[in-house]
Amino acid sequence: MAILIKGGRVIDPARNLDGRQDILIEGEKITTLAANLEAPAGARVIDAGGMIVTPGLIDMHVHLREPGYEQKETIASGTRAAAAGGFTAVACMANTNPVADSASVIYFIKEKARQEGVVRVYPVGALSKGLEGKEIAEIGDLAAAGAVAISDDGRPVMNALVMRHALEYAKMFNLPVISHCEDEALANDGLMHEGLVATILGLRGIPAAAEEVMVARDLILAELTGGRLHLAHVSTAGSVRLLKEARARGVRVTAEATPHHLCLTDMLVESYDTSTKVNPPLRPAGDVAAVAAALAAGDIDVIASDHAPHADEDKDVEYDYAPFGMVGLETAVPLVVTELILPGKLTWQQAIKSWTANPARILNIPGGSLVPGGVADVTIIDPDMEKEVDVNEFYSRGHNSPLQGRKLKGWPVLTIVGGRVVMENGKIIEE
Ligand code: DOR
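As recorded in an unreviewed UniProt entry, the protein chain goes by Dihydroorotase and comes from Neomoorella thermoacetica. Annotation of the protein chain in UniProt includes, under Function (unreviewed entry), the sentence "Catalyzes the reversible cyclization of carbamoyl aspartate to dihydroorotate." Under Catalytic activity (unreviewed entry), UniProt gives the following word-for-word description of the protein chain: "(S)-dihydroorotate + H2O = N-carbamoyl-L-aspartate + H(+)".

Encoded structure:
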């Protein structure tokens, strides 16, 4: 059925578009984009008055946990969480079981996503065999199977020579290397950011330097190799400084920040709520402000959730024993709207660019823009809708969100993937 989206404020940063437009979708494609379009006979007309209409949002850093950790998330549940959160495409990390370090696991993820997923799924291949950081994976095989990037995310690559080789090999296939920057020795089994709050709470700290020394190393290696480096979850003012300096010198680097590192501080850990335990850890206000300013300035290219679901029983333990990670797919948009856009720290255009054109460019995937003839992946956001977060309503199997009960504004209300409405008013539409 044809769909006409009428009267919305269309924001498409890739085309420098921000204004009232109607969008006609026929089949899997966008056919026309213009002011005041007539609905063809039999078309469904969606009134988008007062709404923000954007290219389908892309989350380039999520953990779907399948294969191997289906108690935490599956491709079915994780893609539904994505659609509920307004995302039409996700890139999923390789720390599954078995690890996505071979073509067969990449094929498995793609096939499962085709059968059971409701949004597009782009697998990230492992950087090293078994995520052990010792021997690089068969990057050519991973690329041929459809991996859009390589990464050992969840674990750092401690051996600089392994990182060097990964950057060199990935360059041959034009794949970005997504780096989880953490010096394991400096992190020293810490539980939260090392600083005043950790001291008061008596919890072992992870210094900002544990991230920054690896950011510095990887920037140096990117410069040495000419490889494409993408910094995952940048969380400190020091990392931002290093990134800006490298960019100014022309190093090929891109970077992402998570909604939680952009909007939440380490003060939240005072609750001892294990959903606040995340890696890299929540940082103090100064770091949060520096990361948000870097996003607004365009030095950080992407907002990515690092959606890291864990089973309730994994997180329902003492802070010490809980695994790192929080879910993010279903709260990313309203958290960023509430904490950054409404207070004027970030414009709609900047936010949408970091969820559309920029991740599409970095991963070299379709979408990211509303082009006639292009795929009909569209997200509609109600900027005025206010609602309390309720983790029990999540489509994700993970309930590990520190935002439970928080009132947020600016929720996605419609997600269209390839011309099909997959989410409407927060509910997944099953075929
Ligand atoms: O908090 C985190 N959880 N950070 C990571 O880098 C990995 C992730 C996970 O896989 O649970």
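Draft legend 1. Examining the sheet that holds strand β8 (residues 120-123) more closely. In spatial order, the strands read β6-β7-β8; together these 3 strands make up an open sheet with parallel pairing. Either end of the sheet is taken by a strand with one partner, and the two such strands are β6 (57-62) and β8. Taken over all neighbouring pairs, the strand axes of this sheet differ in orientation by 20° on average, direction set aside. Two elements, strand β7 (residues 87-92) and β8, share 4 bridges in a ladder whose sense is parallel. The residue bridging cysteine 92 from the neighbouring strand is proline 123, located in β8.

Draft legend 2. Unusual backbone geometry, seen in detail. Residue proline 67 follows glutamate 66 across a cis peptide bond; omega there is 10°. Look at the link from asparagine 97 to proline 98: it is a cis peptide, with omega at 5°. Residue placement: proline 98 occurs in the loop between β7 and α2 (103-116). With a phi close to 55°, asparagine 36 is a non-glycine residue in the positive phi region.

Draft legend 3. Geometry of the sheet that holds strand β9 (residues 150-151). Read across the sheet, 5 strands follow the order β9-β10-β13-β14-β15 without closing on themselves; strand pairing throughout is parallel. Only two strands of the sheet have a single partner each, and these edge strands are β9 and β15 (302-303). Pairing between strand β14 (residues 253-257) and β15: 2 bridges, direction parallel. Counterpart to alanine 257 in the pairing with β15 is isoleucine 303.

Draft legend 4. Region of the structure containing the nonpolar core. Residues Leu127, Ile150, Leu231, Leu262, Ile300 and Trp355 are the most contacted members of the largest nonpolar core, which totals 94 residues. Looking at this core, the element that brings in the most residues is helix α12 (residues 332-341), giving 7 residues. Once residues lying within four places of it in the same chain are set aside, the contact partners of isoleucine 300 are Val234, Val240, Leu243, Arg247, Ala255, Glu256, Ala257, Val291, Ala294 and Leu295.

Draft legend 5. How the structure looks around the UniProt feature "active site" (unreviewed entry) in the protein chain. UniProt feature "active site" (unreviewed entry): in the numbering of this structure it lies at Asp306. Turning to its location among the elements, aspartate 306 is positioned in the loop between β15 and α11 (312-315). Judged by its relative accessible area of 6%, aspartate 306 falls in the buried class. In contact with aspartate 306, not counting residues within four places along its chain, are His61, His63, Asp153, His233, Thr258, His260, Asn279 and Met326.

Draft legend 6. Examining the pattern of salt bridges more closely. Taken as a whole and assessed by the stated rule, the structure comprises 20 salt bridges. In this structure, arginine 9 and aspartate 18 form a salt bridge, with 2.9 Å as the shortest nitrogen-oxygen distance. Overall, the relative accessible area of 35% leaves aspartate 18 in the partly exposed class. Glutamate 66 serves as the salt-bridge partner of lysine 112, at 3.2 Å between the closest nitrogen and oxygen. Of this pair, lysine 112 sits in helix α2 while glutamate 66 sits in the loop between β6 and α1 (75-84), and the two are 46 residues apart along the sequence. Salt bridges sharing partners connect three or more residues here, namely Glu66, Lys112 and Glu116.

Draft legend 7. Region of interest: helix α8 (residues 237-248). The first and last C-alpha atoms of α8 sit 17 Å apart over 12 residues, in line with the 16 Å expected at 1.5 Å per residue. For α8, the full list of buried residues reads Gly238, Ser239, Val240, Leu243 and Ala246. Contacts made by the buried residues of α8 are with α7 (208-225), β13 (229-231), β14 and α10 (285-297). Positive phi appears at glycine 250, one or two residues downstream of α8, with a value of about 90°.

So, how was this worked out
- Residues numbered from 1 in each chain as written.
- Predicted model: local features only at pLDDT ≥ 70, side-chain atom pairs only at ≥ 80, totals over all residues.
- Heavy atoms only, no water.
- UniProt positions renumbered as here; feature names shortened; annotations may be inferred.
- Pairing = 2+ DSSP bridges.
- Helix = DSSP H or I, 4+ residues; strand = E, 2+ residues; numbered from the N terminus.
- Axes fitted to C-alpha atoms, helices over the stretch in contact; angles between N-to-C directions.
- Core = buried A, V, L, I, M, F, W, Y, C linked by side-chain atoms within 4.5 Å.
- Buried < 20%, exposed > 50% of the residue type's maximum accessible area, 1.4 Å probe, protein only.
- Contact = heavy atoms within 4.5 Å.
- Salt bridge = Lys/Arg side-chain N within 4 Å of Asp/Glu carboxyl O.
- Expected span 1.5 Å × (residues − 1).

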